[in-house]
Amino acid sequence: MSEATSERTAQAPRIEEIVARRVERRLPRQLRGVLSLEDFEPAARRHLPRPVYAYVAGATESGASFLANREDFAALRFVPRSLAGHTERDQRRTIFGEEYAHPFGIAPMGLSALAAYDGDVVLARAAQAARIPAIMSASSLTALERVAREGGSRWFQAYLPGDDARVEGMVDRVAAAGYQTLVVTVDVPTNGNREHNVRNGFDAPMKPSLRLAWQGLTHPAWSIGTALRTLVKHGMPHFENIDVSRGPPIVSRDVVRSMRGREGLAWRHIELIRRRWSGKLVLKGILGAADTRLAREAGVDGVIVSNHGGRQLDGAISSVQALPDVIPEAGGMTVMLDCGVRRGTDVLKALALGADFVFVGRPFLFAAAIAGEAGVTHAIDTLGAEVDRNMTLLGIRSLSELTSEFVREHNLAAAGGRAPSRAGADVGEARSAPPAGSV
């Protein structure tokens, strides 16, 4: 084996090595039956109180955009190459000058520490150990400075109001903490109509009730291992990063008031951020050619094509459907994607259509909820193994070989079928059952 091949194998472990590592690690009992990212969700649904699960898993209104994220991935079919003769695969990916072991990272997720003990730090640590990026969420319950210090996080996602002074102050705070990539979410001028939260008893602020107390009693592992442990070690959780100063506690009536003003965010604020922020600047929530062009003209370094996992505008097109509109207008910008990615095949389809990188959200948080850092590591290994296996089956050695020639669109409606989706069943069930994980 050549020196170059040895280095490649060490940098990007093959599926056989990942499987062997799973055996050596002796997976915790909670993870032994988890064979795919989709397997984390039913386990988390049993573990988490209904209101918390509903918040993490749900979409808005009828769930049309959430379903589209999965259906549109399923409508893409592969055209593999045969007899390629590759005995090694390299799934490393370089974006913004940083090389990562896999072509995927962890998307930002609010209230992670409510679903998993110290969730923000756990996600960041597991990502750093696996050499993939994890984006810290503005609506988290852990100070961004601590996640940078203890988790090694270098990507921060911000919800910003249309107020110059507050925008500048937040940009300066993120820079002072050592973050290198600032991700500004642009598709939340107001919160989407999340009826499932109301139906399942999730409120912001959280309000003590008999229903909530019963959920705590019937989910003791979460109540003791996450809620009580958090209160004892860290005190009452606060929204730590929605503004320059510490935000209100999750039980405060000021929660809603503290998040107002986002509808005033405009393109001139992006230009203001660009002048003040010296790191990489990314806009998350782009779905069309016009906004891609404006982002490029504003000096943005990259965009994340996203419909917020179906949690904002119900009926918005899926992320993967938006890629053909975004790619031609991107110019030199890095194009990333989130929403609907559940399999290694989804990762490869997005890359074949021109995405440089993808992010995955809910499965990683479900993994953290049921098994902490070990769960997230298992999720990363599982998805990485799928990418490696499917590269072999496609007949490619490197991700750079992927082009649109490897995929074809299949018309599900004409074929009389629809995409398989755990969420599809949930949306059609009783109102009390939220749809499955979104981003």
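Quick note: structure is the one above.
Computed from a predicted structure; not experimentally measured. (Residues numbered from 1 in each chain as written. Predicted model: local features only at pLDDT ≥ 70, side-chain atom pairs only at ≥ 80, totals over all residues. Heavy atoms only, no water.)

Undergrad: Give a detailed account of the overall build of the chain, specifying residues and quantitative values.
TA: Across its full length, the chain holds 19 helices and twelve strands. Of all 439 residues assigned to the chain, the portion counted as buried reaches 56%. Across the chain, every contact between residues at least 6 apart in sequence was considered, and the portion connecting residues at least 24 apart equals 76%. Carbon and sulfur atoms form 51% of the exposed surface of the chain, whose accessible area is close to 18,200 Å². (Helix = DSSP H or I, 4+ residues; strand = E, 2+ residues; numbered from the N terminus. Buried < 20%, exposed > 50% of the residue type's maximum accessible area, 1.4 Å probe, protein only. Contact = heavy atoms within 4.5 Å. Areas by Shrake-Rupley, 256 points an atom, 1.4 Å probe, with all protein chains shown as cover.)

Undergrad: How would you sum up the pairing of strand 6 (residues 155–158)? Please name residues and give values.
TA: Judged by which residues are buried, strand 6 turns out to be covered on both faces: W155 and Q157 on one side and F156 and A158 on the other are all buried. Direction of pairing for strand 5 (residues 135–136) relative to strand 6: parallel, over a ladder of two bridges. Note on strand 6: the bridge partner recorded for I135 is W155. The pairing of strand 6 with strand 7 (residues 181–185) spans four bridges and is parallel. In the strand pairing of strand 7, F156 is matched with L182. For the crossover from strand 6 across helix 9 (residues 164–176) to strand 7, the handedness is right-handed. (Pairing = 2+ DSSP bridges. Right-handed = clockwise from strand over helix to strand, strands pointing away.)

Undergrad: If you had to explain the pattern of salt bridges to someone new, which residues and values would you point to?
TA: Within the structure shown, the criterion is met by 22 salt bridges. The salt bridge partner of R246 is E240, with a shortest N-O separation of 3.0 Å. In this structure, R343 engages E386 in a salt bridge whose closest nitrogen and oxygen atoms are separated by 2.7 Å. In this pair, R343 is assigned in the loop between strand 10 (334–338) and helix 17 (344–352) and E386 in helix 18 (residues 362–394), connecting sequence segments 43 residues apart. (Salt bridge = Lys/Arg side-chain N within 4 Å of Asp/Glu carboxyl O.)

Undergrad: So, the side chain of D187: which residues are in play, and what are the values?
TA: Checked against the element boundaries, D187 lands in the loop between strand 7 and helix 10 (195–199). K284 provides the closest opposite charge to the buried, salt-bridge-free D187, at an N-O distance of 5.5 Å. Excluding residues within four positions of it along the chain, D187 makes contact with K284, G285, S306, N307, H308 and Q312. (Lys, Arg positive; Asp, Glu negative; His and termini not counted.)

Undergrad: Account for the environment of L160, with residues named and values stated.
TA: Along the chain, the position of L160 falls in the loop between strand 6 and helix 9. Exposure remark for L160: the relative accessible area of 3% places this residue in the buried category. Separated by ten residues in the primary sequence, L160 and M170 place their C-alpha atoms 8.2 Å from one another. When sequence neighbours within four positions are dropped, the list of residues in contact with L160 reads V167, M170, V184, R262, L265 and I273.

Undergrad: So what's going on with helix 12 (residues 220–234)? Which residues, and what values?
TA: Residues that lie three or four places apart on an α-helix share one face, since the helix turns once every 3.6 residues. Taking 1.5 Å of rise per residue, 15 residues should cover 21 Å, and helix 12 covers 19 Å from first to last C-alpha, within 8% of that figure. By the largest-angle criterion, L228 marks the main kink of helix 12, which is about 30°. The set of residues buried in helix 12 consists of W222, S223, T226 and T230. On its buried face, helix 12 sits against helix 3 (40–47), helix 4 (50–57), helix 6 (112–115) and helix 11 (210–218). Looking one or two residues beyond helix 12, the residue adopting positive phi is G235, at roughly 80°. (Expected span 1.5 Å × (residues − 1). Bend = angle between axes of the 7 residues up to and from the residue.)

Undergrad: Lay out the environment of P363 with the relevant residues and their values.
TA: Turning to its location among the elements, P363 is positioned in helix 18. The class of P363 is buried, set by a relative accessible area of 3%. Sequence separation between P363 and I380 is 17 residues; the distance between their C-alpha atoms is 9.9 Å.

Undergrad: Any details on the nonpolar core? Residues and values, ideally.
TA: Formed by 107 residues in total, the largest nonpolar core has its most connected members in F156, Y179, L182 and I273. Per-element accounting of this core gives the leading share, 15 residues, to helix 18. For Y179, the contacting residues outside a window of four places in its chain are M136, L144, V147, A148, S153, R154, W155, F156, V174 and W277. Judged by nonpolar contacts, the second largest core, of eleven residues, contains I135, M336, F357 and F359. (Core = buried A, V, L, I, M, F, W, Y, C linked by side-chain atoms within 4.5 Å.)

Undergrad: An account of the sheet that holds strand 8 (residues 280–286) is requested, with residue identities and associated values reported.
TA: Ordered by their spatial adjacency, eight strands build an open sheet running 4-11-10-9-8-7-6-5, and the pairing between neighbours is parallel. The two strands at the open ends of the sheet, each matched to only one other strand, are strand 4 (104–106) and strand 5.

Undergrad: Can you lay out the packing of aromatic side chains for me, pointing to particular residues and giving the numbers?
TA: Taken as a whole, this structure holds six aromatic pairs when the rule is applied. Linked through ring pairs, F96, Y100, W155, F357 and F359 together constitute an aromatic cluster. Geometry around Y159 places R262 over its ring, the cationic atom sitting 4.4 Å from the centre. Above the ring of Y55, the side-chain terminus of R311 is found at 5.1 Å from the ring centroid. (Phe/Tyr/Trp six-rings, centres within 6.5 Å; stacked < 30°, edge-to-face > 60°. Lys NZ or Arg CZ within 6 Å of the ring centre and 35° of its normal.)

Scope: geometric values only; no functional claims are made or implied.
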